[in-house]
Structure formats: structure tokens, C-alpha cells
Amino acid sequence: MVNGKQQRKIGTQIGVISDTHGLLRPEAIEALMGSDLILHAGDIGKPEILEELRTIAPVVAVRGNNDTGAWAQTIPEIETIAIENVSIHLLHTVKDLKVDPKTASIQVVISGHSHKPSIEEREGVLFLNPGSAGPRRFKLPISVASLYVKDNMVQAKVVNLLGNN
């Protein structure tokens, strides 16, 4: 509310999570609240993770290398979606990227797997890894990311879940 008036939301807020490995932390839930859409970049761990995320917002997920069993077989390994005027390609391991994002008119590539959060622009394409929101691996941070899309503009930020980690 601004000056007593309801403020109209402009743009799309996307929560990005990966490598939960069966653990959905309360801090991750809190960080994803307010998202219009949640993208899970694989290594989900169990179907209940997606069910719980769906209580926050619609979910698009891809299967990671640790997502095995009958429940995971219905989850695709890659997914490309359009949000406003932005094409987003979602996969678990960036090394498995089989398309040239620039040629395919993809503006954002989202992956997980490494547990290392990163935001990098390469030849006009945004590469985003939200890091791991699940069990800690080595001394890597516990994090998710947020992606804001308006028309054809994209902004990303990594959100550390446990303070300084």
C-alpha cells in the first residue's frame, strides 16, 4: 500500500531453487514467499518437496541426477518456458546444455548441480545457479535465487538463507 492505495504489481517475481535433496528448509520457504512462479533446477529428492512448493506458487521443475524412482520419471530433464517476453531454459547440469542459448533466443539459463550460487552474463545470456537449498555440501552456502522479469528485462539475485553461511 502506498498512500492508502493498493499498489499494482508490475512484472513477474520468480523464485529459483535447486538441490533440495529432500530437505525444504523454513528459510527457503520464507525466501520464496511472494513468488508468482517457482523454478526447481533438480535434485528435488522426494515428491513432497514439489507439493510443498506448490502451496506457495505454481512450480516448474526438472529432474536432477539424484532424482530416481517412479515419482521422478514424469519430471522432464529440461524445460523451456516463456515469462512475459523472456525465454528461460531450465536444466540440472549446465554442462548438459545442448542448445546455443543465443541462437535459440533464450535469455536465461538456470541450472543447479554444483551447489555453487552464481549469476553470470555470457554473450547477452544470463546464467543463473541458485546454489543449494538442501543439506550443506562442503563449505558452500545454503541459498536460493530470485528472478524478476518485466517485459524483456531480467534481474537476478542470490539469497543466502543462513545469514553469512
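Our structure's up above, just so we're on the same page.
This structure is a prediction, so every number in the text was calculated from the model and none was measured. (Residues numbered from 1 in each chain as written. Predicted model: local features only at pLDDT ≥ 70, side-chain atom pairs only at ≥ 80, totals over all residues. Heavy atoms only, no water.)

**Q** Any chance you could break down the overall build of the protein chain for me, citing the residues and the numbers?
**A** Of the regular secondary structure elements, the protein chain holds two helices and 10 strands. Listing each helix as α and each strand as β along the protein chain from the N terminus yields β-α-β-α-β-β-β-β-β-β-β-β. Here the protein chain has a C-alpha radius of gyration of 15 Å; the compact-globule value for 165 residues is 15 Å, and the two agree. For the protein chain, the C-alpha atoms occupy an extent of roughly 50 × 40 × 30 Å along the three principal directions. In the protein chain, which comprises 165 residues, the proportion classed as buried is 44%. Surface accessibility of the protein chain: about 8900 Å² in total, with carbon and sulfur atoms responsible for 50%. Within the protein chain, one finds 17 positive and 18 negative side-chain charges whose respective centroids are separated by 5 Å. (Helix = DSSP H or I, 4+ residues; strand = E, 2+ residues; numbered from the N terminus. Rg over C-alpha atoms; globule rule 2.2 N^0.38 Å. Buried < 20%, exposed > 50% of the residue type's maximum accessible area, 1.4 Å probe, protein only. Areas by Shrake-Rupley, 256 points an atom, 1.4 Å probe, with all protein chains shown as cover. Lys, Arg positive; Asp, Glu negative; His and termini not counted. Charge placed at Lys NZ, Arg CZ, Asp CG, Glu CD.)

**Q** Before we move on, could you go through the sheet that holds strand β5 (residues 86–91) and cite the residues and values that matter?
**A** Here five strands make up an open sheet; going across it, the order is β4-β5-β6-β8-β7 and the pairing mixed. Looking at which strands have only one partner, the edges of the open sheet turn out to be β4 (78–83) and β7 (118–122). Going across the sheet, the axis of each strand differs from the next one's by a mean of 20°, ignoring polarity. Across three bridges, β5 lies against strand β6 (residues 108–110) in parallel orientation. Counted as the bridge partner of His-89 is Val-109 from β6. (Pairing = 2+ DSSP bridges. Axes fitted to C-alpha atoms, helices over the stretch in contact; angles between N-to-C directions.)

**Q** Any chance you could break down unusual backbone geometry for me, citing the residues and the numbers?
**A** The backbone phi angle of Asp-19 is positive, close to 50°, even though this residue is not glycine. Relative to the elements of secondary structure, Asp-19 occurs in the loop between β1 (12–17) and α1 (26–32).

**Q** Hey, could you go over the sheet that holds strand β9 (residues 143–150) for me, with residue numbers and the actual values?
**A** Spatial strand order, β3-β2-β1-β9-β10: five strands in an open sheet with mixed pairing. Only two strands of the sheet have a single partner each, and these edge strands are β3 (59–61) and β10 (153–160). Strand-to-strand twist across the sheet, computed as the mean angle between neighbouring axes with direction ignored, equals 20°. Two strands pair when backbone bridges link them, and β1 and strand β2 (residues 37–40) are joined in this way by four bridges, in the parallel orientation.

**Q** Give a description of the environment of Ile-38 that names residues and reports values.
**A** With respect to the helices, strands and loops of the structure, Ile-38 is situated in strand β2. Along the backbone, Ile-38 and Ser-87 are 49 residues apart, and their C-alpha atoms lie at a distance of 15 Å. The contacts of Ile-38, once residues within four sequence positions are left out, are Gly-15, Ile-17, Leu-32, Leu-53, Ile-56, Ala-57, Pro-58, Val-59 and Val-60. (Contact = heavy atoms within 4.5 Å.)

**Q** Tell me about the environment of His-40, and please be specific about residues and values.
**A** Checked against the element boundaries, His-40 lands in strand β2. With relative accessibility at 0%, the residue His-40 sits in the buried group. Taking the C-alpha atoms as reference points, His-40 and Pro-130, separated by 90 residues in sequence, lie 9.4 Å from one another. Not counting the four nearest positions on each side in its chain, His-40 is found in contact with Ile-17, Ser-18, Asp-19, Thr-20, Ile-49, Leu-50, Leu-53, Val-60, Ala-61, Val-62 and Leu-90. A polar contact is formed between the side chain of His-40 and the backbone nitrogen of Gly-42, at a distance of 3.1 Å. (Polar contact = N/O pair within 3.5 Å; in protein donor to acceptor, adjacent residues only side chain to side chain.)

**Q** A description of helix α2 (residues 47–54) should follow, citing residues and the corresponding values.
**A** Within α2, the full set of buried residues consists of Ile-49, Leu-50 and Leu-53. Taken down its axis, α2 places every buried residue within 95° of arc, on the same side. (Arc of directions from axis to C-beta.)

In short, the description is geometric, and any link to function would need to be established separately.
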